[in-house]
Amino acid sequence: MIFQHKQTFLDWGGVTFQIIACLTSIAWLLNTFFKHKGTAKSFWLMLGLGILSYLIGTLIWTYHEFVLKDNGVSLNLPGMFWISQNGFYFIALLVLMNEIRSHLLTIRFFLDMLIVMSVAMTFNWIFIMNPLIHHKSTLVFNLTDLMYPILDLGVLVGVLSFFVASNSIFNKPTSFLLISGFLIQIIADSIFSYLKVMGMYSVGSVNEPLWILSIMLIGLSGIYHVPMVTKETRVKRPKKGMLLRHSIPYVSVLFLSIYVIASTYKTHPIVVGLFFCILLVILRQLFTLLENDKLVNDLNNLNEDLEVKVKERTDKLVEMVNSMEHLAYHDVVTGLPNRRFMEKRLSLAIENKTGKRKIAFMLLDLDRFKHINDSLGHSYGDLLLKEVGQRLVQCLKPNEVVCRFGGDEYALLIENTSVQALENRASRILSSLRETYVIEGFELHVTPSIGVSLFPDHGSDFEALLMKADTAMYKVKEKGKNHFMIYSCSMSMEPMMELESSLRKGLDRNEFLLYYQPQISLIKNEIVGVEALLRWDRPGHGIVPPAEFIPLCEETGLIVPLGERVLLEACKQSVAWRKKGIFDLRIAVNISSLQFQHNDFIESVARIIKETGANPNHIELEITESIAMGPIENNLAKLSFLKQMGFQIAMDDFGTGYSSLHYLSQFPIDRLKIDRSFISSLEKSEKDAAIVRLIVMMAKGLNFQVLAEGVEVEAQKAFLEDIRCDEFQGYLFSCPVCVEECEQLILKQIRGSEPQLVNA
């Protein structure tokens, strides 16, 4: 409007704006093409090529129109590039329609499309195509101009398709800019074609700024494009723009009806009534469609709610199943896999085994664990079990398995190994588990006994390998514990259930008897006491040493009635010896930790004394250091009560357990018994000799008597005399003997002869 009288400025200014718009849009679209990947990537390239075609056509037309002043050429060649623009647009929309075809392949969309295209085709035919076909100019001119409405109809089909399903591939700003750009392009082309038909077109017409606007909107859509990410969870929200989408075919029919009425109502007035009927039918149909959409939307929302709830419950169910599966195959205390897991894992390892290397199954049991559990309680025992499990895991490689079978038993699975590598691994495990444990301030010491079986040497399934490893482990226990053994065919061990059954029957049949080992005074060089030691005269097996059945008695709880039987027999023997003139001889009886912690222990001891008539002053009760780890007030009260009854109290195996010197000073103890492990190494270890010397000095300071166990040679006896130890027992004087032989030794001493070394 400002420069309307300066035609040259208008011409070059319009061309300049078109070139700037085209270059800017091409740059935006190419940036989008190279920046983003995935869905409809080539769509942006086709749009860019379409705008490039428009730019080339504009440059050719400008050169011929304003430079060469050659109108004839400019009417043909530029038009081909401008038509190519719509061709590229149509191809781009076909690419897009292929991506969103799942939203378009419906009968309803197809019918709506036919309605809109019928109306558009009708108006195109009336106002553009028919006049172009009957134009008197050259055929080439008519065909070139005829391509505009034909391609625009194709673009319109693509725009309608894109409008129906735009939210499935582009965000809202991009969809709005694309639809607006394509529609403005169609409108500008329609105006251009109409002006051409009417002979009213001139440079600078209204269609040219519309072309520029269309190009800018299409290019700008690439700037706002963000690839849509498919989410697993759908958000419930009402669908917007449904009225507009539903009304497109009906508005098209309405426009066509208005045109028909405007053209024929004077000739045929009945068409007015027909128009109102059509209008009411359209309105009714629109409201019906909106109601249907609302119902469908509500149904979809209900389905989504149901899916969410089903998913939540499914997730909870899966979580519960996983939790139950974890509990089924894992130990509650340590978190390690359990026996069921090991059984499956070992079976799988056997199935998948290749090569000559072996599969090792290790069964591990903690020595003296029951004493800790009974003395400190199960909470301390559980903490110790966890620590042991962690140390075992640290000893293994990632592909190896450690399980807790229950109680204090663990199992280990080691694949692709050899005997030598297995021995090295077992040694490392022993070293790791022997180290001190600090549990809630208590320093604990436990040692493992390990039995090993190998596949395929010792069995072909879980049960066979377990039985062989169990046999090897109990052989380790028989030989002193704290070691490992690999199963061999020479090993034989009756099942534990059978041994337990025999023990119970032996208790009922009174198969157990007492042997006695003399205790010698180093000052008087005479027998001052004897220790009652249990033996099992098992039918068919002879005399069974305690190391073979005491551990099982402690595990099964049989140690309580067995301990009462030992105390009863010892008291009876004390009375019998007193009747034979043996008055001042004390008999030492071992009291297990489990027996001592029993609720009716004091009542049981009092009942035995009353029943036998024994003098408590001649009975010495030997307790272990593990008692000091129990409830101190309760244990101190029990020991004080026993002391008041007249019993002597001795602490057995001193130096090998867990006692505190503070507790030791509080207990009413008469005698400390130095463990045989220190005595046996007196000549080899200066440290053990120093420990024995310190124990004696400490005992003297606390006014305790000291007895050394396991004295076997004169040098050991001489050392004990030198440090002023009070008493000793051991094979140097006598091994444990039956009651008759022990009685002969005592009576011989009473008759005045010096006791002789029985095993000298």
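Residues numbered from 1 in each chain as written. Predicted model: local features only at pLDDT ≥ 70, side-chain atom pairs only at ≥ 80, totals over all residues. Heavy atoms only, no water.

Asks: Sorry if this is basic, but what is going on with the overall build of the protein here?
Replies: Of the regular secondary structure elements, the protein holds 27 helices and 16 strands. Counting contacts in the protein only where the partners sit at least 6 residues apart, residues at least 24 apart contribute 70% of the total. Put simply, the protein shows about 39,400 Å² of open surface, and 60% of that area lies on carbon and sulfur atoms. (Helix = DSSP H or I, 4+ residues; strand = E, 2+ residues; numbered from the N terminus. Contact = heavy atoms within 4.5 Å. Areas by Shrake-Rupley, 256 points an atom, 1.4 Å probe, with all protein chains shown as cover.)

Asks: How should unusual backbone geometry be read in this particular structure?
Replies: Note: most residues except glycine have negative phi, and most peptide bonds are trans. Of note, the bond from Phe455 into Pro456 is cis; its omega dihedral lies within 30 degrees of zero at 10°. Mapped onto the elements, Pro456 comes out in the loop between strand S6 (447-455) and helix H16 (462-478). In the Ramachandran plot, Asn525 falls in the positive-phi region, its phi being about 55° despite a non-glycine side chain. Here Asn525 shows up in the loop between strand S8 (512-521) and strand S9 (527-538).

Asks: Just to check I follow, could you spell out the packing of helix H21 (residues 601-612) against helix H22 (residues 632-645) for this structure?
Replies: Angle between the axes and distance between the axes: these two values describe a pair of packed helices. Direction vectors running N to C along H21 and H22 enclose 15°, while the axes themselves pass 11 Å from each other. With respect to each other, H21 and H22 are oriented roughly parallel. The chirality of how H21 crosses H22 is right-handed. Across from Phe601, Ile602, Val605 and Ala606 in H21, the residues of H22 making contact are Lys638, Phe641, Leu642 and Met645. In terms of residue class, the contact of H21 with H22 is built from 7 nonpolar, no polar and 1 charged. (Axes fitted to C-alpha atoms, helices over the stretch in contact; angles between N-to-C directions. Parallel < 35°, antiparallel > 145°, perpendicular 65-115°, else oblique. Left-handed = near helix turned anticlockwise from the far one by under 90°. Nonpolar A, V, L, I, M, F, W, Y, C, P; charged D, E, K, R; others polar.)

Asks: Sorry, what's going on with the pairing of strand S3 (residues 409-417) here?
Replies: Where a strand is regular, its side chains alternate between the two sheet faces. Strand direction decides the pairing type here: strand S1 (residues 358-367) and S3, joined by 7 bridges, are antiparallel. Across the sheet, residue Leu363 finds its bridge partner in S3, namely Ala411. Sheet topology note: the strand S2 (residues 401-406)/S3 ladder contains 5 bridges and is antiparallel. Looking across to S3, one finds that Arg404 is bridged to Tyr410. Connecting S2 to the next strand, S3, in antiparallel fashion are 2 residues, including Gly407 with a positive phi near 60°. (Pairing = 2+ DSSP bridges.)

Asks: Could you clarify how one ought to interpret the packing of helix H19 (residues 559-579) against H21 in this entry?
Replies: As a packed pair, H19 and H21 sit with axes 10 Å apart at the nearest point and diverge in direction by 30°. Compared by their axis directions, H19 and H21 come out roughly parallel. As H19 packs across H21, the resulting crossing turns out to be right-handed. Residues Glu564, Leu567, Leu568, Cys571, Lys572 and Val575 of H19 touch H21, and the partners they reach there are Ser604, Val605, Arg607, Ile608, Ile609, Glu611 and Thr612.

Asks: Any chance you could explain the confidence of the model for the protein here in plain terms?
Replies: It should be kept in mind that the predicted coordinates are not to be read in detail where pLDDT is low. The share of residues in the protein with pLDDT of 70 or more is 80%, and the mean pLDDT across the chain is 80. Contacts for the low-pLDDT stretch residues 136-141, under 50 throughout, to residues beyond four places or in other chains number 3 contacts. Within the model, pLDDT remains below 50 along residues 230-238, and this stretch shows 8 contacts once partners closer than five positions in the same chain are excluded. (pLDDT = per-residue confidence, 0-100.)

Asks: Hey, could you run me through the sheet that holds S2 in this one?
Replies: What links the strands of a sheet is backbone hydrogen bonding, and the strands pair in either a parallel or an antiparallel sense. An order of S2-S3-S1-S6-S7 is seen for the 5 strands of this open sheet, with the pairing classed as mixed. Edge positions in the sheet fall to S2 and strand S7 (484-486), since each of these pairs with one other strand and no more. Across the sheet, the mean angle separating the axes of adjacent strands is 20° when strand polarity is ignored.

Asks: How should the nonpolar core be read in this particular structure?
Replies: Side chains that are nonpolar tend, in soluble globular proteins, to be buried together. Core analysis: the largest hydrophobic core is formed by 79 residues, its most contacted members being Tyr516, Phe549, Trp577, Ile587, Leu642, Val692 and Leu720. Here this core takes 10 residues from H19, the largest share from any one element. In terms of nonpolar packing, the next biggest core, distinct from the first, is built from 34 residues, Leu47, Trp82, Leu178 and Phe192 among them. (Core = buried A, V, L, I, M, F, W, Y, C linked by side-chain atoms within 4.5 Å. Buried < 20%, exposed > 50% of the residue type's maximum accessible area, 1.4 Å probe, protein only.)

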